[in-house]
Amino acid sequence: MGDRAESIPFVDLASQRARLGEKLESAIARVLEHGQYILGPEVAELEKALQTFTGARHCVTCANGTDALTLVLMAENIGRGDAVIVPSFTFVATAEAVAQLGAVPVFADVNADTFNLEVASLQRAISSASKAGLNPRAVIAVDLFGHPADYNALSDVAGKHDLILVADAAQSLGGCSAKSKVGTLAPYTTTSFFPAKPLGCYGDGGAIFTHDEEKAELLRSLRFHGKGSQKYDNVRIGLNSRLDTLQAAILLEKLGIFNDELEARDRIARRYSNALRDNMHVPESTKAYTSSWAQYTVRLADSPQRDTVRKHCAESGIPTAIYYPVPLHRQTGYSHYPVDPDGLPVSEQLSETVLSLPMHPYLDEATQDQIIDVVKGALGNRQ
Ligand SMILES: Cc1ncc(COP(=O)(O)O)c(C=O)c1O
């Protein structure tokens, strides 16, 4: 085990910090100078820059990716008696936002290759929610690990059942479907700037994208205590959910190198897949979708094989992670909510077999080769 292996980071924010250098200090210093810490000029500047980046007509920043989902559901008056279909194989926030508002998350299964919402399961979940006396109002699709969901197919189903389609793009900002960028693939798209996300700040942050001007105005009111024409005019019940000016200033600098970082992630992911494809199920880049590669996640044959690979990696100083070890419908806080009546076998199987390897734009080829070698070696396929 060499020194290199001992210091392999899972996500390397330090290299990004070193690359941006003085630019970050200057951006922070500018905010300290003008002192407008809440909704200062950098917030509007970032929203504009993100509109340009995604092609979405409106961007409304907020305090985090969970609030972004909550704000969208609030903008659509979703609450008691309503059902919102969500995948079970995701981070808890997707279902949490629904449950927080008193609505019922109904869990659907995902596709074994893309890890994203499966249309047939979505349809069964909608029917069973209606039969149970709930009012299905929305579906939240998640672009898991950065890979955009199949919004063409999902829009058809949503349209047929009069459901609002929300893209939970917490992990996929920077991804695209054909030539359309994440942020424009659904009527509402939410994202997160959590530090480890492809575009992360140095704290919590989030944003909502929409083409709908009226909804964007409503979201601006909701994120600021339901304000009306001025600060102490409260025309509805809202949240305190604004993106800090300091975080906006940091994000503006990071956005300047984001395309370059996305290209690096894509190059690294393709290299992993070319090396590992014969030994395990790997995520594939296709013409139809470009992932932002928030995670590089493979699927092993079974849970013991995953344990072996994890153990070998740990012994060689290579960090790995399991996203997600327990699907949401099996979580204590969520196990009482309804599921697709045919069950969620893929979500259950994935939680037993997936493994995420180190992924960040600063992963050099030598380190990547070392990771590949250890992963293959664990399966008895060392080259
Ligand atoms: C799929 C998904 N949805 C929502 C969120 C919530 O984002 P945040 O942590 O900014 O609240 C996350 C963050 O990890 C996520 O991965």
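Residues numbered from 1 in each chain as written. Predicted model: local features only at pLDDT ≥ 70, side-chain atom pairs only at ≥ 80, totals over all residues. Heavy atoms only, no water.

*Asks:* I would appreciate a short explanation of the overall build of the protein in the present structure.
*Replies:* When helices and strands are counted, the protein shows 14 helices and 12 strands. Taking 21 Å as the expected radius of gyration for a compact globule of 383 residues, we find that the protein reaches 21 Å, a close match to that expectation. Considered along the principal axes of its C-alpha atoms, the protein spans approximately 65 × 60 × 35 Å. When burial is assessed residue by residue, the protein has 54% of its 383 residues classed as buried. Within the protein, contacts between residues at least 6 apart in sequence are counted, and of these 71% link residues at least 24 apart. About 16,100 Å² of surface is accessible on the protein, with carbon and sulfur atoms providing 49% of the total. The centroid of the 36 positive side-chain charges in the protein is displaced by 2 Å from the centroid of its 46 negative side-chain charges. (Helix = DSSP H or I, 4+ residues; strand = E, 2+ residues; numbered from the N terminus. Rg over C-alpha atoms; globule rule 2.2 N^0.38 Å. Buried < 20%, exposed > 50% of the residue type's maximum accessible area, 1.4 Å probe, protein only. Contact = heavy atoms within 4.5 Å. Areas by Shrake-Rupley, 256 points an atom, 1.4 Å probe, with all protein chains shown as cover. Lys, Arg positive; Asp, Glu negative; His and termini not counted. Charge placed at Lys NZ, Arg CZ, Asp CG, Glu CD.)

*Asks:* Hey, could you run me through the site of the ligand in this one?
*Replies:* With respect to spatial proximity, 14 residues lie near the ligand, and among them Gly65, Thr66, Asp168, Ser192 and Lys197 are the closest. Within the side chain of glutamine 171, an N or O atom sits 2.8 Å from an oxygen atom of the ligand. The side chain of serine 192 places a nitrogen or oxygen atom 2.7 Å from an oxygen atom of the ligand. When the free accessible area of the ligand is taken as 390 Å², the share hidden by the protein chains comes to 92%. Only α5 (65-75) and α6 (93-100) provide two or more residues apiece to the shell around the ligand. The residue makeup of the shell around the ligand, split by class, is 4 nonpolar, 8 polar and 2 charged. (Near = heavy atom within 4 Å. Polar contact = N/O pair within 3.5 Å; in protein donor to acceptor, adjacent residues only side chain to side chain. Nonpolar A, V, L, I, M, F, W, Y, C, P; charged D, E, K, R; others polar.)

*Asks:* Would you explain the domain arrangement of the protein in this entry?
*Replies:* By a frequent convention, interface size equals the accessible area lost on bringing the separate parts together. Domain annotation of the protein identifies domain 1 (16-255) and domain 2 (258-378). Domain 1 and domain 2 are separated by 24 Å when their C-alpha centres are compared. Contacts between domain 1 and domain 2 engage 46 residues on the former and 38 residues on the latter. Summed over both partners, the interface of domain 1 with domain 2 buries about 3,700 Å², with 59% contributed by carbon and sulfur atoms. When the area that domain 1 buries against domain 2 is broken down by residue, the three leading residues are Phe89, Phe107 and Phe145, summing to 20%. (Domains from an automatic or database assignment. Buried area = accessible area lost by both parts, 1.4 Å probe.)

*Asks:* Looking at this structure, how should I read the pattern of salt bridges?
*Replies:* Opposite charge on two side chains permits pairing when their charged atoms draw close. Counted according to the given criterion, the structure contains 17 salt bridges. Across the pair glutamate 25 and arginine 17 runs a salt bridge whose closest N-O atoms are separated by 2.6 Å. Judged by relative accessible area, which is 38%, glutamate 25 ranks as partly exposed. Taking relative accessible area as the criterion, arginine 17 reaches 30% and is therefore assigned partly exposed. A salt bridge links aspartate 82 to arginine 137, with the nearest nitrogen and oxygen atoms 3.2 Å apart. With aspartate 82 in strand β2 (residues 82-87) and arginine 137 in strand β4 (residues 135-142), this residue pair connects regions lying 55 residues apart in the sequence. Residue class for aspartate 82 comes out buried when judged on its relative accessible area of 7%. Several salt bridges converge on common partners, so that one network encompasses Glu47, Glu217, Arg220 and Arg223. (Salt bridge = Lys/Arg side-chain N within 4 Å of Asp/Glu carboxyl O.)

*Asks:* Looking at this model, I keep getting lost on the environment of threonine 290. Mind explaining?
*Replies:* Tracing the backbone shows threonine 290 in strand β10 (residues 289-290). Classification of threonine 290 by relative accessible area gives partly exposed; the value is 31%. Setting aside its immediate chain neighbours within four residues, threonine 290 contacts Gly146, Pro148, Gly175 and Cys176.

*Asks:* Explain helix α12 (residues 303-315) to me, please; I cannot follow it from the model alone.
*Replies:* Residues that lie three or four places apart on an α-helix share one face, since the helix turns once every 3.6 residues. With 13 residues, α12 extends 18 Å between its outermost C-alpha atoms, agreeing within 8% with the 18 Å of an ideal straight helix rising 1.5 Å per residue. Listed as buried for α12 are Arg306, Val309 and Cys313. One face of α12 carries all of its buried residues, which in axial projection span an arc of 65 degrees. Pointing more than 90 degrees away from the buried face of α12 are the exposed residues Pro304, Lys311 and Ala314. Buried residues belonging to α12 abut α13 (345-353), β12 (354-357) and α14 (365-378). Put simply, aspartate 302 is the residue that caps the front of α12, since its side-chain oxygen is 2.9 Å from the backbone nitrogen of glutamine 305. Immediately beyond the C-terminal end of α12, within one or two residues, lies glycine 317, with a positive phi of roughly 75 degrees. (Expected span 1.5 Å × (residues − 1). Arc of directions from axis to C-beta.)

*Asks:* Please explain the packing of aromatic side chains as it appears in this structure.
*Replies:* What characterises a pair of aromatic rings is the spacing of the ring centres plus the angle enclosed by the ring planes. Counted under the stated rule, the structure contains 11 aromatic pairs. Centre to centre, the rings of phenylalanine 91 and tyrosine 324 are 6.5 Å apart; their planes meet at 40 degrees, and the pair counts as tilted. Remark: tyrosine 324 occurs in the loop between α12 and α13 and phenylalanine 91 occurs in the loop between β2 and α6; sequence separation between them is 233 residues. Among the residues examined, phenylalanine 91 registers a relative accessible area of 45% and is labelled partly exposed. Plain terms: the ring middles of tyrosine 323 and tyrosine 324 are 5.6 Å apart, the flat faces sit at 55 degrees to each other, and that makes the pair tilted. Tyrosine 323 gets classed as partly exposed once you look at its relative accessible area, which sits at 26%. The exposure class assigned to tyrosine 324 is buried, which follows from its relative accessible area of 11%. (Phe/Tyr/Trp six-rings, centres within 6.5 Å; stacked < 30°, edge-to-face > 60°.)

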